[in-house]
Every structure is written in C-alpha cells, then in structure tokens.
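A structural walkthrough
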Amino acid sequence: RSISENGETLRYILALGLRTLTLQTGDEYRNRIGLDESELAVLIGSRAVTELHHQDRVSALEEDGLDAVHSGSESSQPLLDEYIDYECDIPEEGLETVLTQERDRQFLYAPVLACTIDHLMAATETRRGGRYILPSLRLLSSDLVIDEIDDFTGSDLIAIGRLIHLAGMLGRKVMISSATIPPDLAEGYLHAYQQGWKLYAQTRDAGSEILCAWIDEFSSETQLINDNGGDMVESYRAHHAVFIDKRVKKLNKQPAKCKAEIVECREEMETLEFDEEESKQQQYFSIIKQAAIEKHQHPHTIDQQSDIAVSFGVVRMANITPCVELTKYLLQHESGVDVEIRAMAYHSQQVLLLRHQQEQHLDSVLRHNEQPEEQPALLRNEIVRKHLSRCKAKNLTFILVATPVEEVGRDHDFDWAVIEPSSFRSIIQLAGRVRRHRVGEVNKANIALMQFNWKAFNAGDEPLKKYFNRPGYEEKVILENHNLNNLINIADIKQRLDAIPRIKKQDNLDYTRSLVDLEHAVIQSELASYQRFGPESLQGYLHGAWFLTALSQQLNPFRKSEKSTNLFYVYDPESEQYYFAEKNEQGHPVNRESILGVSHVKLAEKEQQNLWLSRKYGSALDQIAEKKEISKRVASLRFGELNFVARDNLQYQYSDQFGLIKI
C-alpha cells in the first residue's frame, strides 16, 4: 500500500528472474487472486512468448511479421522497447508530455506490475542516456517484491543489492521471497536497504527504525529493528536466527519427500562392463543410465491397462552439450524384456516455438493426483499412451535430460532424479521437482547424486582445478577435492534432502571441504562483508560515496555474461528450406548459416523410436500460421527465435529435437 491515501489500495512491482515464471505468476494473479487486465500488467520483454502463452487472448502483430523500427531523435524513442500485456485507460494528465508512448505509461500507471527484474535494473545500472527514467519513476511510487531471490548468483546478487538500496532511498518497502534464502543474503540486503532508508529518513520526517517481517508456510513474525549506534545488524541477525531455528524444527517434523544417495562413479566403472571403444564420456553416461534404471524400480506406477511399471524421472546435467550427448546415448538404449527408455533433452538453446511445444507437453504430463484408486492423469496422456501401447518390456521409464532450466519456474512433479552436481543449491532446487505435489514420506532414496560431476570425472587424477563452477560457486577458491562423498553430509541426505543446510549457517565455515559452507562463504563475502570498503562488494558500494558513482556497475554488472546472439529459424518459401538468420535494422533476415558453421542433422530411426516427444518445426509453423492467419515465413520470423552465445572458431549442429549445440 505504497501511495494509497486510505491505505486500502495496492501498488507494487513483482520482479522475477525468468520470463516463464513471470507469465505463470500473471496467470496465478488473474485466476486465484482475481486481478484483471485493468489492475495487473505483465511485462516479459517478448511479445512472441506472450502470444504463445496466451494464444487466444493476445492480438496478432503486423501482417508483415517484422518488428517496427523507431525513427527520429533519441529523445522521441520509447523508454520501454518491449510489449506489455495491460488493458486500461491511462489518465491524460500528468506525464503525457514526457511519456509519449502508450507502453511507457502502462508500465508506470498499472497498479500491480509483474515483470522480469531486468526491466527495473536500469534504475541503477544505466551509466548514460535516459533508460533509468521509467524504472526510477515506477520505483518512486511502488513497493518492490523480488521473487526467488537466491536463484541469482555472483554479480547479479550485488547488482540487485544496489536496486534494494535505491528502493530504501526512495522510501519504498521491499520484500525478498524464496524457500531457500541463506542468512547472509537476507542480512546483506537488509543492511543495503537500511543504508538507503537512512538517507530517506534524514530528508523526511521519518524515523530510522525499520519494521522487519519473517514469513514462511508455518507462521509470520514482525520486529522493529532500531539503528542504535550501528547495532542494527546484530539485532536483526539475532531475530533472524530465532525464526530460522523455529522453522528448522518444524521442517524436521515434516515427512521427508526426498532422500538421496551417492552413486560411486569410479567403483561403478570397475563393476560395469564397457566396450573397449567406449569413450570416457560414454562410461560416465552408462553409470547415469544404470542409476536411472535403478531409481525407476522403486517409485513407479503400474498402468492398469497394460500392467507396465511406469516412472517419470529427470537427469540434471550442468551444461547443454553433455545434456544433449547424454540424451543421444539414452536413445540408443537396447530395449530388452526388463526396461525400455523414452528420453528427451530440455535446455535453453531451442527454437522458441519448439520449446513452447515441449513445455506445454511437460506441464500437462508432469502432474500427479493423490487418489490411489484412480489412474494418474499423466498415464491418460495421448503421447504417453502411444508409448505404452508399443512397449514390449515390463518397465517403461520416461527420462527428461535437463540443464538448470528445469530447476526454477517449472511446476513439474517427477518420481525420481539423478543429479550431476554443480552446487548444493542446484541439488536442492532440482530436488524440489521430485514428488512436488505429493504427500507422505518415501522409504528409499529417490534421488541419486553423482559422486563426481562430468568435469571432475573427466579430469581424473589431474591437478585440482575449478569443477564446481559455470554454474557453481567455486570461482575464487578451489575445493580440496571434488568427491561428493567428502563435500556433503551423507548421513543427513539419507534421512532427508531439503533446504535446511542452506537456510541455516554453521558457526565455523570449512569452505574448502564443504559444498554448503563454500556457498555460505561466497555469499557472505559478496553481500555481508562489512570490512570491505571498495565498490566491488555490496557493503563496500555502500561505504563512503561509492553509490554515487558508476564504478560498481562496471565491476559487477547485472547479467554479467558473454554477449548473446538472437537468431531466427527462417522458412524460405522459394526453396522450401530453413536457415538461421539475424534481423537487420529494417527487420529483414540476413542468412548467418555459413558464418556460424551450422549443420542440420536428423535422428536415426532407433533414436526416433525411443524419443519421448517428437517435434517437427515445419508442422508447428503450419499450425501457428494457420491459427494466426499469417504466412509460414512470417510465423518463422515471429516464433522461430533462438538466443545463444556465439563463439569464434566453433561449429554448430541443429536438429528439431536437440536444438542448437556446439560440436
């Protein structure tokens, strides 16, 4: 209730990290809370994604299918380039002479704004130009809620701290939300907010104290934290610890949905029989496949019509290329009398339209009902039934091989998981997709953790390097070893695998020998280290006058990563062929196939038979073009988008089933 005079109306921003999560949240707000298009605006930065998500509600784009190109001086350009889903009359008084574009006014005036956090970061990240104006105006009049806060890492966490500091300076309230918030993350952001609020209070008739609230699924508590001689952090830390202790006790009383065990990689190599020509990667994949088949044996469902034991599992791989290579390996599985496998790769480097089809299927199948007398809805799915009808084995397991895109924003419910570890956070996040909507405790381990991730396994006895990074927290320090047996508490994960080690920090951190302690140490160093006075850390940024400069933004920019390339998989009606292209300034496609060295491949017959979901880009384009009443070429220029990081001197391979990967 930020600017409401009567205190009965609501105005805030809900900022999220993923486009899909933003769209899902918009749906939840409309369906469960009852907000309509005049009260809720949803902004994700891609009209094509919004159209696919709301195919019957969003109007079509221009008939030529090309993006509009703005002309004129920079001051006449819209402050917001992206499409915003909002329907309401905007008042014609106030800022209409400054905000000349409709979408800019929608962004500012909507009572509740759900958007990817990228659209707000310009308020603190802009170093030149006027891109900071619109998000700053919005933040002047809106409270801020940041969802799934601990899904950000490294420079992104520091950049978000700068945004929270600005919100404090503007006198707004801030809420951070996640089921797995580490204590140093909460404390660091509280101190950043307090430093901003102190400046606000000094220029207003306002007290320096801050009302803090802790909320979980069990209870909520509030406490007024005073800034008495710099003791605010200590006071907050004590109250936070008490709340977390209560939460841990209650979590320990809950039935354990997930229990884990470690798959011994090198010992397994000695017991499994390998072909002499098998590569080291194939040996690693063989161990994963064996673990998946073993996990299928316990948490499966008997199909009432065929009497086949069916399970749905996920194998988490850290990077895209091994994810696709493992999927290919599983598709080569020899179907015997014991078990058949249906596999599918899921990662970010896929054409938008095909990824949408895939996510639609997964969202419809990976649900679970708790009525034991009923046939589960997932077994009534048409595609699943086709696989069951031609299965000749007694067991059928569906395996989704996924990168970290599965960890956040996907409301999926799997029977079991095999995890290639990158961090303890990644293990917890993926475990949140196992038995997600089910109740009751499991009797056996339903999650298998690989003893080594692929990089460490492949390195063997070579000198220690960083293997739990990209993704992971092993950037500035190197662990003493990379054997998961020595990095996590095995006894604890056998009893339950949950977020307790992440939300409660031990007193003495052994960050070179513990995966959990490493994460706590890194977060503390980045967000809650009060002895650092330079702009490279969050607390250093707040010290002195660094927050008045743009140096921290250069040292720790938001979305610090390699520059990505936006391609479109374009249909050429003359040759009836497809090619990857970039759009020029006029929005026309420019062929980039030869520059990127893209080769197009098709699956072998055996791979196609064992594929969980078969997709064809041409057929998908025909369907969407007919529905939108546009040409197939225009459809490809709108929905054929693919975003990836292009690297020099690399060749790429594309298929409808596996997406675009480096070779």
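Helix and strand counts for the chain stand at 24 helices and 22 strands. Evaluated residue by residue, the chain yields a buried proportion of 54% over its 663 residues.

Here the focus is the side chain of Asn556. Checked against the element boundaries, Asn556 lands in the loop between helix H20 (551-555) and strand S16 (565-572). A distance of 3.1 Å separates the side chain of Asn556 from the side chain of Ser155, its partner in a polar contact. Ignoring anything within four residues of it in the chain, the contact list for Asn556 reads Glu125, Ser155, Ile158, Ala159, Arg162, Pro535, Glu536 and Ser537.

Attention now goes to the sheet that holds strand S17 (residues 577-583). Read from one edge to the other, the open sheet built from four strands follows the order S18-S17-S16-S20, with strand pairing classed as antiparallel. The open sheet terminates on both sides in strands that have one partner only, identified here as strand S18 (589-591) and strand S20 (641-644). Each adjacent strand pair in this sheet contributes to an overall mean axis angle of 45°, direction not counted. In this fold helix H24 (residues 632-639) packs onto S16, S17, S18 and S20, with an angle of close to 165° to the strand it touches most, S16.

Turning next to the pattern of salt bridges. Considering all chains together, one arrives at 33 salt bridges under this definition. In this structure, Arg425 engages Asp151 in a salt bridge whose closest nitrogen and oxygen atoms are separated by 3.0 Å. Here Asp151 lies in the loop between strand S5 (143-147) and helix H6 (155-169) and Arg425 lies in helix H14 (residues 424-431), a separation of 274 residues in the sequence. Given the relative accessible area of 9%, Arg425 is considered buried. When the shortest N-O distance is used, the salt bridge between Asp184 and Lys505 registers 2.7 Å. Of the two residues, Asp184 sits in helix H7 (residues 183-202) while Lys505 sits in the loop between helix H17 (500-503) and helix H18 (515-527), which places them 321 residues apart along the sequence. Asp184 gets classed as buried once you look at its relative accessible area, which sits at 5%. A residue is classified by how much of its surface remains accessible, and Lys505, at 26% relative accessible area, is partly exposed. Salt bridges sharing common partners tie together Asp151, Arg316, Glu407 and Arg425.

Attention now moves to the packing of aromatic side chains. Tallied over the entire structure, the rule returns 19 aromatic pairs. Consider the rings of Tyr284 and Phe457, whose centres lie 4.9 Å apart with planes at 40°: the pair is tilted. Note that Tyr284 is positioned in helix H10 (residues 280-297) and Phe457 in helix H15 (residues 454-459), a separation of 173 residues in sequence. Taking the relative accessible area as the measure of exposure, Tyr284 reaches 0% and is therefore buried. For the pair Tyr578 and Tyr617, a centre-to-centre distance of 5.6 Å together with 65° between the ring planes defines the contact as edge-to-face. Of this pair, Tyr578 sits in strand S17 while Tyr617 sits in helix H23 (residues 617-628), placing them 39 residues apart in sequence.

For the pair H7 and H18, the least separation of the axes is 8 Å and the interaxial angle reads 5°. Overall, the two elements H7 and H18 adopt an arrangement that is roughly parallel. Here H7 contributes Pro183, Asp184, Leu185, Gly188 and Tyr189 to the contact with H18, which in turn contributes His520, Ile523, Gln524 and Leu527. For the contact of H7 with H18, a count of residues per class yields five nonpolar, three polar and one charged.

To continue, consider the sheet that holds strand S19 (residues 598-600). Here we have three strands laid out as an open sheet, ordered S19-S21-S22, and mixed in their pairing. Looking at the sheet topology across the chains shown, the edges are occupied by S19 and strand S22 (659-662). In this sheet, adjacent strand axes meet at a mean angle of 25° when their direction is disregarded. Where S19 lies against strand S21 (residues 652-655), three bridges are found, and the strand directions are parallel. By the bridge assignment for S21, His600 is matched with Tyr654. Packed onto the sheet, helix H11 (residues 320-331) meets S21 and S22 and runs at close to 110° relative to S22.

Moving on, we come to the confidence of the model for the chain. Of the residues in the chain, 89% have a pLDDT of 70 or more, and the chain-wide mean is 86. Considering only residues more than four positions removed or in separate chains, one finds that residues 56-77, a stretch of pLDDT under 50, has 42 contacts.

Taking burial as the measure, the eight residues of helix H4 (residues 118-125) include seven buried ones, the bulk of the element. Among the residues making up H4, those that are buried are His119, Leu120, Met121, Ala122, Ala123, Thr124 and Glu125.

We now examine unusual backbone geometry. Residue Pro471 is bonded to the preceding Arg470 through a cis peptide linkage, with omega at 0°. Along the chain, the position of Pro471 falls in the loop between H15 and helix H16 (490-495). Its identity as a non-glycine residue notwithstanding, Arg435 has a phi of 50°, on the positive side. When you line up the elements, Arg435 lands in the loop between H14 and strand S15 (447-450). Note on Arg435: relative accessible area 15%, which makes it buried. The residue Glu629 is not glycine, and still its phi comes out positive at about 60°.

Attention now goes to H18. The end-to-end C-alpha distance of H18 is 19 Å, a good match for the 18 Å that 13 residues give at a rise of 1.5 Å each. Burial analysis of H18 places 11 of its 13 residues in the buried class, which makes it a mostly covered element. On its buried face, H18 sits against H6, H7, H14, H17 and helix H19 (538-542). Taking the backbone nitrogen of Val516 as reference, a side-chain oxygen 3.4 Å away marks Ser514 as the first, capping residue of H18.

Moving on, we get to the environment of Lys504. Mapped onto the elements, Lys504 comes out in the loop between H17 and H18. Residue classification places Lys504 among the partly exposed positions, given a relative accessible area of 33%. Measuring from C-alpha to C-alpha, the distance between Lys504 and Pro182 comes to 6.9 Å, with 322 residues separating the pair along the chain. The contact partners of Lys504, leaving out residues within four places of it in the chain, are Ile244, Asp245, Val248 and His520.

If you look at the biggest cluster of nonpolar residues, it comprises 111 residues, and the most contacted ones within it are Ile117, Ile160, Tyr189, Phe312, Ile447, Leu449 and Leu497. In terms of residue count, H7 provides more of this core than any other element does, nine residues in total. Counting residues in each nonpolar core, the second largest holds 41 residues, with Tyr12, Val49, Val351 and Ala620 among its members.

Another aspect to go through is the pairing of strand S1 (residues 12-16). Of all the five residues making up S1, five are buried; the element is thus mostly covered by neighbouring parts of the structure. Neither face of S1 is left uncovered, since the one carrying Tyr12, Leu14 and Leu16 and the one carrying Ile13 and Ala15 both have all their residues buried.

Calculation rules
- Residues numbered from 1 in each chain as written.
- Predicted model: local features only at pLDDT ≥ 70, side-chain atom pairs only at ≥ 80, totals over all residues.
- Heavy atoms only, no water.
- Helix = DSSP H or I, 4+ residues; strand = E, 2+ residues; numbered from the N terminus.
- Buried < 20%, exposed > 50% of the residue type's maximum accessible area, 1.4 Å probe, protein only.
- Polar contact = N/O pair within 3.5 Å; in protein donor to acceptor, adjacent residues only side chain to side chain.
- Contact = heavy atoms within 4.5 Å.
- Pairing = 2+ DSSP bridges.
- Axes fitted to C-alpha atoms, helices over the stretch in contact; angles between N-to-C directions.
- Salt bridge = Lys/Arg side-chain N within 4 Å of Asp/Glu carboxyl O.
- Phe/Tyr/Trp six-rings, centres within 6.5 Å; stacked < 30°, edge-to-face > 60°.
- Parallel < 35°, antiparallel > 145°, perpendicular 65-115°, else oblique.
- Nonpolar A, V, L, I, M, F, W, Y, C, P; charged D, E, K, R; others polar.
- pLDDT = per-residue confidence, 0-100.
- Expected span 1.5 Å × (residues − 1).
- Core = buried A, V, L, I, M, F, W, Y, C linked by side-chain atoms within 4.5 Å.

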